[in-house]
Amino acid sequence: RPVFEELPIDRRLRLGLTELDLVEPTPVQAAVVPAVLAGQDLQVRAETGSGKTLSYLLPAAQSILARSPSRGDGTLALILVPTRELARQVVKNGRALLAKSGIDIQGITGGADFKYQRAILRRNPEILVATPGRLLEHCEASNTEFTGLRLLVLDEADRMLELGFRDDVLAINRYLGDDKQVILLSATLKHKRMEDLAATLLKSPRILSLSNAREAHSNIRHQRILVDGQAHRDQVLIALLGGDDFRRALVFANKRREADRLTRLLADQGVRCAALHGELRTGERKQVVSRLAEGKLQVVCASDLAARGLDISSIDLVINYDLPHSGDDYLHRTGRTGRAGASGTAVSLVGAAEWNLMISIQRYLDLALEARSLDGLKARFRGPKRLKNSGKRATSGKRPKRSTAGTAANRRGSANGRSPKPANRPAQTPENDGMQPLKKKPGRPRD
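About the cut-offs
Residues numbered from 1 in each chain as written. Predicted model: local features only at pLDDT ≥ 70, side-chain atom pairs only at ≥ 80, totals over all residues. Heavy atoms only, no water. 1 Å grid on protein atoms, 1.4 Å probe; cavity = no way out; pocket = protein on both sides within 12 Å on 5 of 7 lines; lining within 4 Å. Points joined across faces, edges and corners; volume = space filled by probe spheres on them. Helix = DSSP H or I, 4+ residues; strand = E, 2+ residues; numbered from the N terminus. Nonpolar A, V, L, I, M, F, W, Y, C, P; charged D, E, K, R; others polar. Disulfide = S-S within 2.5 Å. Pairing = 2+ DSSP bridges. Contact = heavy atoms within 4.5 Å. Axes fitted to C-alpha atoms, helices over the stretch in contact; angles between N-to-C directions. Buried < 20%, exposed > 50% of the residue type's maximum accessible area, 1.4 Å probe, protein only. Polar contact = N/O pair within 3.5 Å; in protein donor to acceptor, adjacent residues only side chain to side chain. Salt bridge = Lys/Arg side-chain N within 4 Å of Asp/Glu carboxyl O.

Approximately 640 Å³ is the volume found for the second largest pocket. Taken together, 24 residues make up the lining of the second largest pocket; nearest its centre are A87, R88, V91, R95 and K286. Of all elements in the fold, only helix 4 (84-97), strand 3 (105-108), helix 5 (114-122) and helix 12 (282-293) reach the threshold of two or more residues within the lining of the second largest pocket. Ranked by the residues each element gives to the lining of the second largest pocket, the list is headed by helix 4, at 7 residues. Its residues assigned to classes, the lining of the second largest pocket comprises 10 nonpolar, 8 polar and 6 charged.

Here it is as structure tokens:
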């Protein structure tokens, strides 16, 4: 694939790429950058950590520099993202790329001061990164200027739909002109809601499938450790994080209060850690991410909030303390490691109740989690004794359905203090007294 030097990019952007030490584009960047520069509407399927953020920031900035716009033109490129963390990450990457260009990139998300954001919008930044809910509030308050908008990007559109932002996105679109290019990026494109959204916003789009939506990263080692219960699970977690074979780690729990509990547990063991979830204020969440990136924290215990938008290259270990609910969630969690060509390890702790869920995730992703155990901490649970062909736990057999006949009579009998008598029981005779076989009734003659 070509190096960045071979792409039609302004010298000021090349200086930014040099500062970022980027010479050769990733496959996603090599495919998407020329297509965006050609002015096509795009639907892009790409895995997390593939460099997709730069794939739309670079051509967006190039188009702006080629036009030499004035501040009165308003915002020229709008990037909608599902979470505050991803918005901050995009702004950070954008400022590093645009440092020599003079292009202003700003972020607007929930949880920040509304009046301060209104002042930012009045400066008409050329590139605006925003979460849908907060941006719609500013649109309704007439704080935005999109008359000159030329590019709309929906990053992680699948996540926006999951979080219920579809109506907000469509409402924002009504404040934008029709003369714009639209880029939609997602982990999956074959979804009814995604197809409906694309049909509404895009015009004759080109579809680029640059990764298998169900394909786990090849440079991540996927492992599983069997555990017996919470106490044993805690011991395994402490042992995994007690070594020095990782620099930074993410521990995922399914509930916010569990992430808080694990943070306290690890802090008691001398681990430099913090929690990251939706109940924290924006400033607190930002501080946790910054401290992890700077190496002031070793571990962050997070809910799925951190599974998207957290781009820290030195995370080399991801632990699923709780197994995620789906294969897609597994991909996004484990995609926090092994980024930009680096290697990483993902370890899932699996109890007896989670065995079938693990098998479902493996089948969905066509992935086999490597069995691993820790010396002195092997689980009593070694897997189900009986398995189906699928690998899931085999049950001992279906229980016969219980008849409900006579239920009302039974209740009446109990209320009267008498032993309930099953309804419709035939009168006892020598033939059915339990000692002699029942006589067959004569059958109807066949025609």
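Back to the text.
With that settled, the discussion passes to the state of the cysteines. A complete count under the given rule lists 0 disulfides for this structure. Cysteine C273 shares no disulfide, and the gap to the nearest cysteine sulfur, in C301, comes to 5.4 Å.

In space, the 7 strands of this open sheet follow the order 10-11-9-12-13-8-14, with parallel pairing throughout. The sheet terminates laterally at strand 10 (273-276) and strand 14 (370-371), the two strands that pair on one side only. Its contacts with the sheet put helix 12 on strand 9 (248-252), strand 10, strand 11 (299-302) and strand 12 (315-320), and the angle it makes with strand 10 is roughly 140°.

Structurally, D155 is set in the loop between strand 5 (151-154) and helix 7 (157-162). The class of D155 is buried, set by a relative accessible area of 0%. Engagement of the side chain of D155 in a polar contact is seen with the side chain of Y56, the distance being 2.8 Å. Excluding residues that lie within four positions of it along the chain, D155 makes contacts with K52, T53, Y56, L80, V81, P82, L86, M160 and L185.

Let us look at the pattern of salt bridges. For the structure shown, the criterion picks out 16 salt bridges. A salt bridge links K52 to E156; its shortest N-O distance comes to 3.7 Å. Highlighted residues: K52 in helix 3 (residues 52-67) and E156 in the loop between strand 5 and helix 7, separated in sequence by 104 residues. Given a relative accessible area of 10%, K52 falls into the buried group. Linking R134 and E137 is a salt bridge whose minimum nitrogen-to-oxygen distance equals 3.7 Å. Here E137 and R134 lie together in helix 6 (residues 132-140), a separation of 3 residues that amounts to about one turn. According to the relative accessible area criterion, R134 is buried, its value standing at 13%. Under the relative-accessibility criterion, E137 is labelled partly exposed at 39%. Residues joined in a network through salt bridges with shared partners are K52, D155 and E156.

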